[in-house]
Amino acid sequence: MGHLITLATSLNQWALDFQGNYERIIESIAIAKQRGATMRVGPELEIPGYGCYDHFLEGDTVLHSWEVLAKILASEDTMGIVCDIGMPVMHKNVIYNCRIIVHNKQILLIRPKMWLANDGNYREMRYFTPWMKHRQWEDHYLPRIIQAVTKQVKVPFGDCVISTVDTCIGVELCEELFTPASPHILMGLDGVEIFTNSSGSHHELRKLYTRVELIKEATLKLGGVYLYANQQGCDGDRLYYDGCAMIAMNGNIIAQGSQFSLNDIEVVTATIDIEDVRAHRTSRSRAFQAASSERYHRIEVPFALSSGKFGGMNEEGSLGLRVALQEAKFHRPEEEIAFGPACWLWDYLRRSRTQGYFVPLSGGVDSCATAVIVYSMCRLVAEAATRANKQVILDARRIVGEPEDSSYIPSDPREFCNRIFHTCYMGTENSSAETRHRAKDLAEAIGSYHLDLNMDSVVTSVRDLFVFVTGARPRFRAHGGTAAENLALQNIQARLRMVLSYIFAQLLPWVRGRQGGLLVLGSANVDESLRGYLTKYDCSSADINPIGGISKTDLKKFIAYAEGAFDMPILRSFLDAIPTAELEPISETYVQADEASLRPTHADMGMTYDELSVFGRLRKVEKCGPYSMFTKLVHEWGGILSPVQIAEKVKHFFFEHARNRHKMTTLTPSYHAESYSPDDNRFDLRPFLYPSRFPWQFKKIDQVAAALPDRSNLGPEKAKTD
């Protein structure tokens with residue numbers, strides 16, 4: 001038998017952008033046909049966009065999806081190629097997440113999703129219903145706009161497979177790959193040789209490995225070709241879909257697309273021989289299981305995916321066979337931070353039609369990381385412009401205010417950064433010269449438009465207003481004030497920075513002779529949000545936050561990576577500096593510090609960032625309450641801390657997390673990157689009024705801690721094995 005060319009795509013779709021989504025789908029089909037592909041697979045719900053959420057409940061969303069599909073079918077684009085296209089379909093008054101398989105202006109099958117993603121960031125069962133009639137199908141009566149194009153009145157709707165002249169194709173949708181009894185198992189035993197998976201899978205640090213292993217495993221024991229297509233980009237909310245379209249065969253990755261890219265369309269092709277699948281399936285145990293498997297209804301189509309002739313292959317196709325097998329490519333976490341949030345920021349900037357970003361630089365690691373991510377975005381834009389990416393160049397010209405006939409090319413990242421990125425150091429009498437210099441030097445290194453100011457007069461005015469109204473003058477703790485006075489005076493500074501940030505974001509383009517406004521970026525990391533170590537409505541309050549889902553530990557690794565990768569020696573000074581909010585007066589005997597490990601007697605957080613990461617993973621990922629977290633940590637930390645010490649740390653964490661949980665309800669929308677994110681909007685649903693002293697739970701912890709032996713002198717490994 002001849003060779004077969006297959007294809008998968010990554011598309012940067014946008015929720016409810018039906019026109020733009022249509023154009024990207026059409027272009028991907030055209031690219032597929034140019035490369036000689038006979039099958040094209042797109043991402044999940046690609047016509048309306050995956051992130052429509054409650055808009056899926058609106059009749060308009062389904063109607064416009066049918067209109068787009070009718071336009072696709074009416075053109076010549078689907079002639080001579082099998083296309084797998086995603087959209088919502090209402091069948092018997094029930095809304096399903098579906099794949100529409102089309103060929104030569106005809107709908108072959110509507111395949112509804114059977115296992116819905118309904119945890120973490122996903123709430124598919126809020127809008128869709130799973131198809132529960134496995135290996136069954138019904139007639140679906142098409143809307144009149146489709147009947148007018150295809151001349152079909154009804155088409156099969158359900159769990160079926162497509163039988164071509166030369167092979168058999170089965171559909172699997174996103175979450176179905178992640179389930180224990182994935183559909184590809186039974187389909188493969190019934191003779192399906194090509195599996196398509198259309199996905200809307202978001203980026204999370206260190207997550208890609210799991211996805212790749214599942215795709216490889218799907219065809220390792222079973223044999224077959226697996227076509228994985230995924231959404232890529234920000235389609236309207238906190239998630240960045242990280243593309244990485246793949247083609248696997250018999251347990252090997254034979255083609256892989258980029259995980260992070262500014263391209264709106266990416267097409268991945270591979271040349272395979274279907275006979276390799278059949279040879280892989282000759283094991284006796286597989287044959288016995290296949291012989292007794294239940295059958296799927298086959299929809300026959302008089303079309304061959306392969307030419308059936310060796311002479312029909314071009315040189316490019318033959319080359320594909322020689323280099324077929326390859327190792328999957330993975331980025332290190334620090335590289336993922338450099339590219340993922342940067343691509344997300346670019347999509348947000350161009351689609352919001354604003355003129356740039358504004359960040360208050362404090363001289364600390366967090367705002368530094370935010371600024372460097374924006375600079376990474378500028379580097380990606382410059383690289384794409386150098387490769388003559390027309391869409392990136394057009395977007396960049398519009399953002400910087402160039403006229404329509406401009407020939408401007410954003411080829412220099414520092415020059416482009418100066419035009420779209422604005423930074424400001426907002427100092428007070430409590431600020432140090434070191435943080436001021438670090439902020440200035442960083443701005444020079446990345447090229448941002450930088451301002452430096454003292455805001456003491458504004459802070460004093462607010463404090464004096466309070467004194468005038470109440471007759472009482474609050475003092476810092478260093479000057480004899482109470483804890484309440486000390487905290488209130490810190491919060492005045494923090495919140496005024498937020499107010500000033502928005503004033504500058506609105507007016508700086510005007511100051512520079514331009515129109516429009518800037519988006520304010522937040523700089524609170526995931527650990528500080530988890531602990532509540534931030535002031536409500538301070539600089540953690542912004543329009544969006546690229547680092548809000550990233551741990552302090554990973555941010556430091558990213559800064560260390562960027563120091564070399566971006567050739568920015570200034571970043572070393574940020575890593576060496578002691579984290580401090582600089583909201584209290586500095587004296588010879590006192591400097592405010594964040595982490596307990598740095599200044600044990602004067603630490604605001606009461607724990608280290610590394611400890612916070614551990615607490616966060618146990619709370620969210622491992623589903624631990626206070627008591628179960630304590631019992632796990634006695635095992636993990638028992639060689640260095642006594643049970644009583646561990647108990648105090650666990651209780652302190654839960655107390656602070658609970659009493660500050662209300663801050664998460666107003667948290668700035670953040671790039672989702674971490675599995676233990678405390679994002680209250682959708683990912684981490686919990687109360688925000690807690691019994692924060694947890695009397696029952698803490699009492700049990702104290703009782704057990706008092707009864708356990710102290711093994712802290714044994715060392716961590718010895719304590720675990722005893």
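Above this note sits the structure.
A few points on the structure. (Residues numbered from 1 in each chain as written. Predicted model: local features only at pLDDT ≥ 70, side-chain atom pairs only at ≥ 80, totals over all residues. Heavy atoms only, no water.)

**Some thoughts on the sheet that holds strand β18 (residues 421–427)**
Right, so step 1: Here we have four strands laid out as an open sheet, ordered β19-β18-β17-β20, and parallel in their pairing. A single partner strand is all that each edge strand has here, and the edge strands are β19 (449–454) and β20 (519–520).
Right, so step 2: Where β18 and β19 come together, six bridges link them in parallel fashion. Within β19, the residue paired with Met426 across the bridge is Leu453.
Right, so step 3: Running at roughly 65 degrees to β18, helix α13 (residues 413–420) makes contact with β17 (357–360), β18 and β19 of the sheet. (Pairing = 2+ DSSP bridges. Helix = DSSP H or I, 4+ residues; strand = E, 2+ residues; numbered from the N terminus. Contact = heavy atoms within 4.5 Å. Axes fitted to C-alpha atoms, helices over the stretch in contact; angles between N-to-C directions.)

**A few points about the side chain of Ser551**
Right, so step 1: In this structure, Ser551 sits in the loop between α17 (526–531) and α18 (552–565).
Right, so step 2: Side-chain polar atoms of Ser551 contact the backbone nitrogen of Asp554, separated by 3.1 Å.
Right, so step 3: Excluding residues within four positions of it along the chain, Ser551 makes contact with Val526, Asp527, Ser613 and Tyr676. (Polar contact = N/O pair within 3.5 Å; in protein donor to acceptor, adjacent residues only side chain to side chain.)

**Description of the packing of aromatic side chains**
Right, so step 1: Here the structure, examined in full by the defined rule, presents 26 aromatic pairs.
Right, so step 2: For the ring pair Trp344 and Tyr348, a centre distance of 6.1 Å and an interplane angle of 50 degrees mean the geometry is tilted. Placement of both Trp344 and Tyr348 in helix α10 (residues 333–352) is noted, with a separation of four residues, approximately one turn of the helix.
Right, so step 3: What makes Trp344 buried here is its relative accessible area of 1%.
Right, so step 4: Aromatic pair Phe653 and Phe654: ring centres 5.2 Å apart, planes at 75 degrees, arrangement edge-to-face.
Right, so step 5: Phe653 gets classed as buried once you look at its relative accessible area, which sits at 0%.
Right, so step 6: One aromatic cluster in this structure is built from Phe615, Trp637, Phe653, Phe654, Tyr690, Phe694 and Phe698.
Right, so step 7: Here the guanidinium or amino end of Arg438 rests over the ring plane of Phe574, the centre of that ring lying 5.7 Å away.
Right, so step 8: One residue, Lys700, lies across the ring of Tyr627, its end atom 4.9 Å from the ring centre. (Phe/Tyr/Trp six-rings, centres within 6.5 Å; stacked < 30°, edge-to-face > 60°. Buried < 20%, exposed > 50% of the residue type's maximum accessible area, 1.4 Å probe, protein only. Lys NZ or Arg CZ within 6 Å of the ring centre and 35° of its normal.)

**A few points about the nonpolar core**
Right, so step 1: Grouped together as the largest cluster of nonpolar side chains are 60 residues, with contacts concentrated most on Trp346, Val372, Met377, Leu442 and Phe558.
Right, so step 2: If sequence neighbours within four positions are ignored, Met377 has contacts with Ala342, Leu345, Trp346, Leu349, Tyr357 and Ile420.
Right, so step 3: In terms of nonpolar packing, the next biggest core, distinct from the first, is built from 38 residues, Ile25, Ala32, Ile72 and Ile107 among them. (Core = buried A, V, L, I, M, F, W, Y, C linked by side-chain atoms within 4.5 Å.)

**Focus on the environment of Pro180**
Right, so step 1: Checked against the element boundaries, Pro180 lands in the loop between α4 (175–178) and α5 (183–189).
Right, so step 2: Classification of Pro180 by relative accessible area gives exposed; the value is 82%.
Right, so step 3: Taking the C-alpha atoms as reference points, Pro180 and Asp273, 93 residues apart in sequence, are found 29 Å from one another.

**Some thoughts on the pairing of strand β9 (residues 168–173)**
Right, so step 1: Within β9, six of the six residues are buried, which leaves the element mostly enclosed by the surrounding structure.
Right, so step 2: Where burial is concerned, the two faces of β9 agree: the one with Cys168, Gly170 and Glu172 and the one with Ile169, Val171 and Leu173 are both buried.
Right, so step 3: Sheet analysis places strand β8 (residues 161–163) next to β9, joined by two bridges and oriented antiparallel. Counted as the bridge partner of Ser163 is Cys168 from β9.
Right, so step 4: Across five bridges, β9 lies against strand β10 (residues 194–199) in parallel orientation. When the sheet's bridge partners are listed, Leu173 is paired in β10 with Ser198.

**What to know about helix α14 (residues 433–446)**
Right, so step 1: Taking 1.5 Å per residue, 14 residues should reach 20 Å; α14 reaches 20 Å between its end C-alpha atoms and fits that length.
Right, so step 2: Along α14, the positions that sit buried rather than exposed are Thr435, Arg438, Ala439, Leu442, Ala443 and Ile446. Looking straight down α14, one finds its buried side chains confined to an arc of 130 degrees; they lie on one side.
Right, so step 3: The secondary structure elements touched by the buried residues of α14 are α11 (365–386), α13, β18, β19 and α19 (571–576).
Right, so step 4: The positive-phi residue at the C-terminal boundary of α14 is Gly447, with phi of around 90 degrees. (Expected span 1.5 Å × (residues − 1). Arc of directions from axis to C-beta.)

**Here's the deal with a nonpolar patch on the surface**
Right, so step 1: A cluster of nonpolar side chains, Val499, Ile503, Leu507, Trp510 and Val511, forms an exposed patch at the surface whose accessible area comes to about 500 Å².
Right, so step 2: In this fold, Trp510 is placed in helix α16 (residues 483–511). (Patch = residues over 30% accessible without salt bridge, like charges linked within 9 Å, V, L, I, M, F, W, Y side chains within 5 Å. Areas by Shrake-Rupley, 256 points an atom, 1.4 Å probe, with all protein chains shown as cover. Salt bridge = Lys/Arg side-chain N within 4 Å of Asp/Glu carboxyl O.)

**Let's talk about the packing of helix α1 (residues 18–34) against helix α2 (residues 59–74)**
Right, so step 1: Contact geometry of α1 with α2 gives a least axis separation of 11 Å together with a crossing angle of 35 degrees. Judged by the sense of rotation from one axis to the other, the crossing of α1 with α2 is right-handed. Contacts between α1 and α2 involve Phe18, Gln19, Tyr22, Ile25, Ile26 and Ile29 from the former and Thr61, His64, Ser65, Val68, Lys71 and Ile72 from the latter.
Right, so step 2: When grouped by side-chain class, the residues that make up the contact of α1 with α2 number seven nonpolar, four polar and one charged. (Left-handed = near helix turned anticlockwise from the far one by under 90°. Nonpolar A, V, L, I, M, F, W, Y, C, P; charged D, E, K, R; others polar.)

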